[in-house]
Amino acid sequence: MTQLRAVKGMNDVLPDQIGRWHRIERTFARTMSLHGFREVRTPFLEPTPLFVRTVGETTDIVEKEMYTFEHHGESLTLRPEGTAGAARAYVEHNVHAAEPMTRWWYAGPMFRAERPQRGRYRQFYQLGAEVFGDEGPGCEAEVIDLLLRFLQDLSIPGVRVVINSLGGGATRLRYRQALVEHLTPLLDSLSHDSQRRLRTNPLRILDSKDERDQTAALGAPTIDAFLDDGDRAHFESLRKYLDALGTTYTVEKRLVRGLDYYTRTLFEITGAQEKLGAGSTLVGGGRYDSMVADLGGPQVPAFGFAAGIERLLIASEFEVASNVIDALVAPLGSEAATVGLGLARDLRREGIRCEVDTRGKSLRSQLRRADALGARIVLIVGDKEIAEGVVQVKDLDAHSEERMPITQAVRVVIDRCVAASRNVDSRPSADFARNS
Ligand code: HAM
């Protein structure tokens, strides 16, 4: 039989790796909750026109990277990103009528048929957030600042923020025209894709990784010269907020990003360049003031970001405790197994993670298992112990062993294990509080 393998670019996350995922997800959930954001969950499948209308018909994502299929005559797409679904849900549930400002966060898998490489996958996980109903740059600065603290909590080195303004719709039209005028004489030197983009979506050329396009774009006009007074005031105000918060950032006039829905502020955060190389963008985001109205809702401004969990995992330098259980109950014999099951139940009620090995194995083999699972304590229950109402408590960390009544043993395990595991669990929040 041929062995079946996972789809290319889609990865299994095995239990040995999940501790680091949990740490990132928990730190994010806590960070967002401290800033008044609430979690939203939207479907993985959405109607294809949702992404065509928002992300943009001529973007790489919509042109070549979506997993799209027909089902009962309807075109459906596995979501390539989370913003469009969040905005659709916001409009569909009339959220604006109930609250003047909405702050949502989300976490989950996204799907893009990109060429897989380190930090770039076809199913990947994003942590994201969207603010609806706040048009000012204050919330943009707050979100960038929040992200820096989040990345700091994950011990990510070399973090850098770049920002730019794309202006509003009218600004972009004027800029597009200027870009076309600059690039048209250079048409033959552009990549095949960009020759087409010059007609369909010239701004995308600035985002191209192809050297020919990058050379042609070198002398191109930059968008800052085209911003109107409102755009300019917005951007200046964002910079003032960031300066006041002590945030270091760079203005990158050629930053355009790969989605068409952005208006005014754009930003990216990179980090751990030596580990991620060209794909070192950890977070991308920006303002998209016309999406809600474009989806049939009222004119509500919006701003948000998303970060790729796999990239955060590669970039981050924290470790998590790898022990699976705190205690192993090791019965020796079938009567002992019955007592052991009851003892384990009592321990779990007290929050102790434990396993009972009821396979009838030797003590030696059970001790090996305790070691493999990272247990600190082994409770040995033998016939002699049962007759005397005691258990043998073997502390693998302290290299000690003593006999004691069962009730006392439960207390000893709680004292030694719960204190230790609470320390591990509270680390992200403690870090956050210290850095705030
Ligand atoms: P994006 O820049 O397309 O923006 O993706 C955001 C982040 O998702 C990237 O910086 C990267 O960390 C991660 N990412 C993207 N594609 C992949 C991939 N193929 N493999 C692994 N990680 C990936 C958005 O998705 C927007 N929805 C962000 C946003 C929210 N803008 C406003 N609100």
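Look up: the structure comes first, before these words.
Computed from a prediction, not measured in an experiment: that's the story for all the values here.

Conventions and cut-offs
Residues numbered from 1 in each chain as written. Predicted model: local features only at pLDDT ≥ 70, side-chain atom pairs only at ≥ 80, totals over all residues. Heavy atoms only, no water. Salt bridge = Lys/Arg side-chain N within 4 Å of Asp/Glu carboxyl O. Helix = DSSP H or I, 4+ residues; strand = E, 2+ residues; numbered from the N terminus. Buried < 20%, exposed > 50% of the residue type's maximum accessible area, 1.4 Å probe, protein only. Near = heavy atom within 4 Å. Polar contact = N/O pair within 3.5 Å; in protein donor to acceptor, adjacent residues only side chain to side chain. Nonpolar A, V, L, I, M, F, W, Y, C, P; charged D, E, K, R; others polar. Contact = heavy atoms within 4.5 Å. Axes fitted to C-alpha atoms, helices over the stretch in contact; angles between N-to-C directions. Parallel < 35°, antiparallel > 145°, perpendicular 65-115°, else oblique. Left-handed = near helix turned anticlockwise from the far one by under 90°. Phe/Tyr/Trp six-rings, centres within 6.5 Å; stacked < 30°, edge-to-face > 60°. Pairing = 2+ DSSP bridges. Expected span 1.5 Å × (residues − 1). Arc of directions from axis to C-beta.

Caption draft 1: Broad picture of the pattern of salt bridges. In this structure the tally under the stated criterion is 32 salt bridges. When the shortest N-O distance is used, the salt bridge between glutamate 99 and arginine 38 registers 3.5 Å. Placement of the pair is glutamate 99 in the loop between helix H5 (95-98) and strand E5 (102-111) and arginine 38 in strand E1 (residues 38-39), with a sequence separation of 61 residues. Of the residues examined, glutamate 99 reaches a relative accessible area of 19% and is grouped as buried.

Caption draft 2: Representation of the site of the ligand. Taken together, 26 residues are adjacent to the ligand, and Glu81, Thr83, Glu114, Glu130 and Tyr262 come closest. In this structure, arginine 112 approaches the ligand through a side-chain N or O atom, which is 2.9 Å from an oxygen atom. Measuring from an oxygen atom of the ligand, one finds a backbone N or O atom of leucine 282 at 3.0 Å. With six residues, the single largest contributor to the shell around the ligand is strand E10 (residues 281-287). For the shell around the ligand, the per-class residue count stands at ten nonpolar, nine polar and seven charged.

Caption draft 3: Quick peek at helix H4 (residues 83-92). For H4, the tally of buried residues reaches nine of ten residues, placing the bulk of the element in the interior. Listed in full, the buried residues belonging to H4 are Thr83, Ala84, Gly85, Ala86, Ala87, Arg88, Ala89, Tyr90 and Val91. Buried-residue contacts for H4 involve strand E2 (45-47), helix H2 (48-56), H5, E5, strand E6 (123-132) and helix H12 (291-294). At the exit of H4 stands asparagine 94, carrying a positive phi of roughly 50 degrees.

Caption draft 4: Layout of the packing of helix H6 (residues 138-153) against helix H10 (residues 229-244). Direction vectors running N to C along H6 and H10 enclose 40 degrees, while the axes themselves pass 8 Å from each other. On the basis of the axis angle, H6 is oblique to H10. H6 and H10 meet at a crossing whose hand is right-handed. Contact with H6, carried on its side by Gly138, Glu140, Ala141 and Ile144, involves His234, Leu238, Tyr241 and Leu242 of H10 and no other residues of that element.

Caption draft 5: Region of interest: the side chain of serine 208. Looking at the secondary structure, you find serine 208 in the loop between helix H8 (192-200) and helix H9 (211-217). The buried category is assigned to serine 208, whose relative accessible area is 8%. Among the polar contacts listed, one links the side chain of serine 208 to the side chain of aspartate 213, at a separation of 2.6 Å. In this structure, serine 208 is in contact with Ser194, Arg197, Asp213 and Gln214, ignoring residues within four places of it in sequence.

Caption draft 6: Region of interest: the packing of aromatic side chains. Tallying each qualifying case throughout the model produces twelve aromatic pairs. Ring geometry for phenylalanine 28 versus tryptophan 105: centroids 5.7 Å apart, planes at 90 degrees, classification edge-to-face. Of this pair, phenylalanine 28 sits in helix H1 (residues 15-34) while tryptophan 105 is found in strand E5, placing the two residues 77 residues apart along the sequence. For the pair formed by phenylalanine 28 and tryptophan 105, the shared burial category is buried.

Caption draft 7: Representation of the sheet that holds E2 in the model. The antiparallel open sheet is built from three strands, whose spatial order is E2-E4-E3. Strands at the two margins of the open sheet, each flanked by one partner only, are E2 and strand E3 (68-71). Across the sheet, the mean angle separating the axes of adjacent strands is 40 degrees when strand polarity is ignored. Where E3 meets strand E4 (residues 74-78), four bridges bridge the pair, whose relative direction is antiparallel. The residue of E4 that forms the bridge with histidine 71 is glutamate 74.

Caption draft 8: Region of interest: the environment of methionine 66. Looking at where methionine 66 falls in the secondary structure, it is placed in the loop between helix H3 (60-65) and E3. Considering only alpha carbons, one finds methionine 66 and glycine 374, 308 residues apart in sequence, at a separation of 43 Å. Residues contacting methionine 66, with those up to four places away along its chain left out, are Thr48, Phe51, Ile61, Thr77 and Pro80.

Caption draft 9: Representation of helix H7 (residues 169-183) in the model. Helix length check: H7 (15 residues) gives 21 Å between terminal C-alpha atoms against 21 Å at 1.5 Å per residue, within 8%. Residues of H7 that are buried: Thr171, Arg172, Tyr175, Ala178, Leu179 and Leu183. Each buried residue of H7 sits inside an arc of 125 degrees when the element is viewed along its axis, so together they form one side. Opposite the buried face of H7, at more than 90 degrees from it, the exposed residues are Gly169, Ala170, Leu173 and Glu181. In the core, the buried residues of H7 are packed alongside H8, H9 and H10.

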